[in-house]
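These are the residues of each chain, in order.
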Amino acid sequence: MNSEKDLPIISRREFFRKGMQWSILLGLGGITVGLISKTMSDKTIWQIDTKKCIQCGRCATNCIKNPSAVKCFHGYDLCGYCDLCGGYFKPGTKILTTAAENQLCPTAAINRKFIEEPFFEYDIDKKLCIGCGKCVKGCGAFGNGSLQLQIDHSLCDNCNECAIARDCPSNAISRVLPKKAYLMQGLRAHNEWKNKL
Amino acid sequence: MNKIKNIAVYLLFVMLTLQAFTLSAKNRFPKPEFESGHTQPVTITPSPRAIFFEYLDLVVLLASLTLISWFVMKKRSRKGVFGISVFVILYFGFYREGCICSIGAIQNITLALFKVNYTIPLTALLFFLIPIVYTLFVGRTFCAGVCPLGAIQDIVAFRPMPVKAWLEKVLGIIPFIYLAFAILYAATGTDFVICRYDPFVGFFRMDASFAMFLIGGLFLLIGVFIARPYCRFLCPYGALLNIVSRFSFKHMSITPAGCINCKLCENACPFGAIDMPVPHKEKEKTEVIVRRYVILSLVIPVLIIAGGFIASNFHENLAMVHHKVKLANEIMNNTNYGVIGKDAIEITAFKSSGQTTEQLYTEAAAIVDEFNTGSWFFGGFIGLVFGLTLIGLTVFKYHPDYSPNKANCLSCARCMKYCPVLPEKK
């Protein structure tokens, strides 16, 4: 029929198609080269900078996990083993016993253990901890600040965008390389503070 | 006497510096030395998921993409596609809990391109690239069943109803607008909107707020009647693949040999992605075509500039999503995030950070500037999409057979079993 007349039209479309195919490939190549030449990593994970953290309590509520993947970590190396622990007891507690009404922790996740006079050791029960940071605030206000909020990476889903990081008022949560997962004081191996105050 | 005073002042100074030091290190109580021989426990810091598993994700992605492409292109098997869909829902959905995904990777790429200090994970880059490359070669087989969001919608599409062509066209613009939003907010380092409003991640994690479950449930419920609503009318990665697939080297065909125009596959596609045959080529008058193209070529730049102009008028509203701009705004207007009686948490945090309001204002102003530039591109892009959609409506494509619309076809292989034509024996 009029196939001869159609020929140039088809080849124009074909030319356009080929051009687009190559420009898509070139674009993808460009992105790859551009990003590989910049900093690349195997993966990144989320980290809390304890020096920035103000214990607002959003870690307990804003994590997509329930209970939150943020837990209280105890840097034993920094702990004073106080009898009157600001992280364990509610302010104004007179008789220092493990009675429920004395405890600051809403889920009773801190175990208080007598070591020797006058020292007590405090352990966090990770299964009960909800990451509210009340004990962290208390320990920081009255003690050495050995209790600190950190992301437990056995629980963290490592979301592409951390829901807590988005709502953290002090920008304490950032992406880091996996070897820098924890940034807290009182660990045996001392961490370098990458995120400046 | 004066000497003693000097010493006292010196001592006071030393004590004050010491005090300042102890305040930062918080060593109020010394570390005890136990007489009972108690050994201090070591703080356990659980290690993150090993990097090996990230590469396993990549291998699974590659394997399932290759397999599904083989099922669609060579085996023409809907069962195979369905099997992969179920596996993907189990692996990328429930096991990996919907993260990492190619849709979200758009934002990682954008952030890495615009922010120097962001190190992009290799997996995110490859999760973005691999499906696009596959789409360029064989069409949207990624959408068919390797995307967990697509797969979960695909298996609930029990009673698909056709959507009116004009409605399909209009709603089809939304993914591009969503893509523009996602890129604008990722480029400015504000937020990852795609991840934030992912409707199905709540199901995959079996744990979400009520609102998220409600939205996800609504999508699945609508998805029973209007197949894959998220993929067709929202997915920003789908928008990218839609473009790439138009120019793909190969694409699945409904019929294994020649189409006999039997009309059996006419209603087979739940996504309305089968183009009806155009029996006779009706050639319009040349002057009509020329006039239309002149008008459209004038309309597109006008639409781009108009879009950019309109969006840039709203750049301050767009920037308000950024937490720093919001904070600066709250402090400037003294509105305290609507909290009455005490300082809002953000204000408390800002006061304790030691930053001055002037520093905050300059930072916020720089971000608003970024949004000003970004909103021109944002609006211009949306204008371009509108213009190209208009051109697409006027372009006359001649084809004598029932054929899949390469842009919208999700390669789900449903139509194939409706075709009575037998493959040619060699």
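Just so we're clear, the structure is a prediction, and the values are computed from it rather than from any experiment.

Student: Hey, could you run me through the overall build of chain B in this one?
Tutor: Broken down by element type, chain B carries 19 helices and three strands. Against the 2.2 N^0.38 benchmark of 22 Å for 426 residues, chain B shows a C-alpha radius of gyration of 29 Å, more extended than a compact globule. With respect to the three principal axes, the spread of C-alpha positions in chain B is 115 × 60 × 35 Å. Of all 426 residues assigned to chain B, the portion counted as buried reaches 45%. Counting only contacts in chain B whose residues sit at least 6 apart along the sequence, the fraction spanning at least 24 positions is 81%. In the form shown here, chain B has an accessible surface area of approximately 23000 Å², with 68% of it arising from carbon and sulfur atoms. A distance of 8 Å separates the average location of the 39 positive side-chain charges in chain B from that of its 25 negative side-chain charges.

Student: Sorry, what's going on with unusual backbone geometry here?
Tutor: Note: most residues except glycine have negative phi, and most peptide bonds are trans. With omega at 0 degrees, the peptide bond leading from Asn-66 of chain A into Pro-67 of chain A counts as cis. Secondary-structure assignment places Pro-67 of chain A in the loop between helix 2 (58-62) and strand 3 (70-74). Put simply, Glu-117 of chain A and Pro-118 of chain A share a cis peptide bond, and its omega is -5 degrees. In this structure, Pro-118 of chain A sits in the loop between strand 4 (110-116) and strand 5 (119-124). A positive phi angle, close to 55 degrees, is found at Glu-97 of chain B, a residue other than glycine. Structurally, Glu-97 of chain B is set in the loop between helix 3 (78-95) and helix 4 (102-114). Unlike most non-glycine residues, Ala-413 of chain B shows phi in positive territory, near 70 degrees. Tracing the sequence through the fold places Ala-413 of chain B in the segment after strand 3 (403-404). Among the residues examined, Ala-413 of chain B registers a relative accessible area of 2% and is labelled buried.

Student: Help me understand the side chain of Thr-389 of chain B in this model?
Tutor: All names here are of chain B. Counting through the fold element by element, Thr-389 comes out in helix 19 (residues 357-394). When its relative accessible area of 18% is taken as the criterion, Thr-389 is described as buried. Excluding its chain neighbours within four sequence positions, the residues that come into contact with Thr-389 are Lys-169 and Ile-173.

Student: What am I meant to see in the state of the cysteines here?
Tutor: Joining two cysteines, a disulfide is a covalent bond between their sulfur atoms. All names here are of chain A. Summed over the entire model, instances satisfying the criterion amount to zero disulfides over all chains. The thiol sulfur of Cys-156 is not disulfide-bonded, and the nearest other cysteine sulfur, from Cys-159, lies at 6.5 Å. Under the relative-accessibility criterion, Cys-156 is labelled partly exposed at 21%.

Student: How should the nonpolar core be read in this particular structure?
Tutor: Soluble globular proteins tend to pack their nonpolar side chains together in the buried interior. Counting residues in hydrophobic clusters, the biggest one holds 98 residues, and the most contacted among them are Ile-103, Tyr-230 and Tyr-237 of chain B. Take this core: its biggest share by element is nine residues, from helix 5 (residues 122-138) of chain B. Once you skip the residues sitting within four places of it in the chain, Tyr-230 of chain B turns out to touch Ile-103, Leu-149, Gln-153, Tyr-178, Ile-194, Pro-199, Phe-200, Phe-219, Cys-235 and Pro-236 of chain B. Counting residues in hydrophobic clusters, the runner-up holds 30 residues, among them Cys-63, Val-70, Ile-110 and Phe-120 of chain A.

Student: It is not clear to me how the pattern of salt bridges should be interpreted in this structure. Could you clarify?
Tutor: Think of it this way: side chains of opposite charge can pair up when their charged atoms draw near. Using the criterion set out here, one finds 23 salt bridges over all chains in the structure. Among the ionic pairs, Lys-113 of chain A bridges to Glu-121 of chain A, the shortest N-O distance being 3.7 Å. What makes Glu-121 of chain A buried here is its relative accessible area of 2%. The salt bridge partner of Lys-351 of chain B is Asp-343 of chain B, with a shortest N-O separation of 2.6 Å. Connected through salt bridges with shared partners, the residues Lys-43 of chain A together with Arg-49, Glu-54, Asp-57 and Arg-96 of chain B form a single ionic network.

Student: Got a minute to help me understand empty space enclosed by the protein in this structure?
Tutor: Remark: the empty space left among the atoms is shown by a probe the size of a water molecule rolled over them. Residues and elements named next belong to chain A. For the coordinates displayed, the defined rule picks out eight cavities of 30 Å³ or more. Within this model, the largest cavity holds a volume of roughly 130 Å³. Taken together, 15 residues form the lining of the largest cavity, with Cys-63, Cys-156, Cys-159, Cys-162 and Ile-164 sitting closest to its centre.

Student: Explain the side chain of Ser-248 of chain B to me, please; I cannot follow it from the model alone.
Tutor: Within the secondary structure, Ser-248 of chain B is located in the loop between helix 14 (236-246) and strand 2 (274-275). Given a relative accessible area of 0%, Ser-248 of chain B falls into the buried group. Contacts of Ser-248 of chain B, omitting those with residues within four sequence positions, involve Arg-17 and Gln-21 of chain A together with Thr-135, Leu-136, Phe-137, Gly-139 and Lys-406 of chain B.

Student: I keep staring at the domain arrangement of chain B and nothing clicks. Help me out?
Tutor: The extent of an interface is frequently quoted as the accessible surface area lost upon association of the parts. Residue and element names in this part refer to chain B. Parsing chain B into structural domains produces domain 1 (53-281 + 403-418) and domain 2 (286-394). Placing the centre of domain 1 and that of domain 2 at their C-alpha centroids yields a distance of 28 Å. The partner domain 2 presents 14 residues to the 13 residues of domain 1 that form the contact. Between domain 1 and domain 2, a total of about 1300 Å² is buried, with carbon and sulfur atoms accounting for 82% of that surface.

Reading guide: rules and limits
- Residues numbered from 1 in each chain as written.
- Chains lettered and ligands numbered in written order.
- Predicted model: local features only at pLDDT ≥ 70, side-chain atom pairs only at ≥ 80, totals over all residues.
- Heavy atoms only, no water.
- Helix = DSSP H or I, 4+ residues; strand = E, 2+ residues; numbered from the N terminus.
- Rg over C-alpha atoms; globule rule 2.2 N^0.38 Å.
- Buried < 20%, exposed > 50% of the residue type's maximum accessible area, 1.4 Å probe, protein only.
- Contact = heavy atoms within 4.5 Å.
- Areas by Shrake-Rupley, 256 points an atom, 1.4 Å probe, with all protein chains shown as cover.
- Lys, Arg positive; Asp, Glu negative; His and termini not counted.
- Charge placed at Lys NZ, Arg CZ, Asp CG, Glu CD.
- Disulfide = S-S within 2.5 Å.
- Core = buried A, V, L, I, M, F, W, Y, C linked by side-chain atoms within 4.5 Å.
- Salt bridge = Lys/Arg side-chain N within 4 Å of Asp/Glu carboxyl O.
- 1 Å grid on protein atoms, 1.4 Å probe; cavity = no way out; pocket = protein on both sides within 12 Å on 5 of 7 lines; lining within 4 Å.
- Points joined across faces, edges and corners; volume = space filled by probe spheres on them.
- Domains from an automatic or database assignment.
- Buried area = accessible area lost by both parts, 1.4 Å probe.

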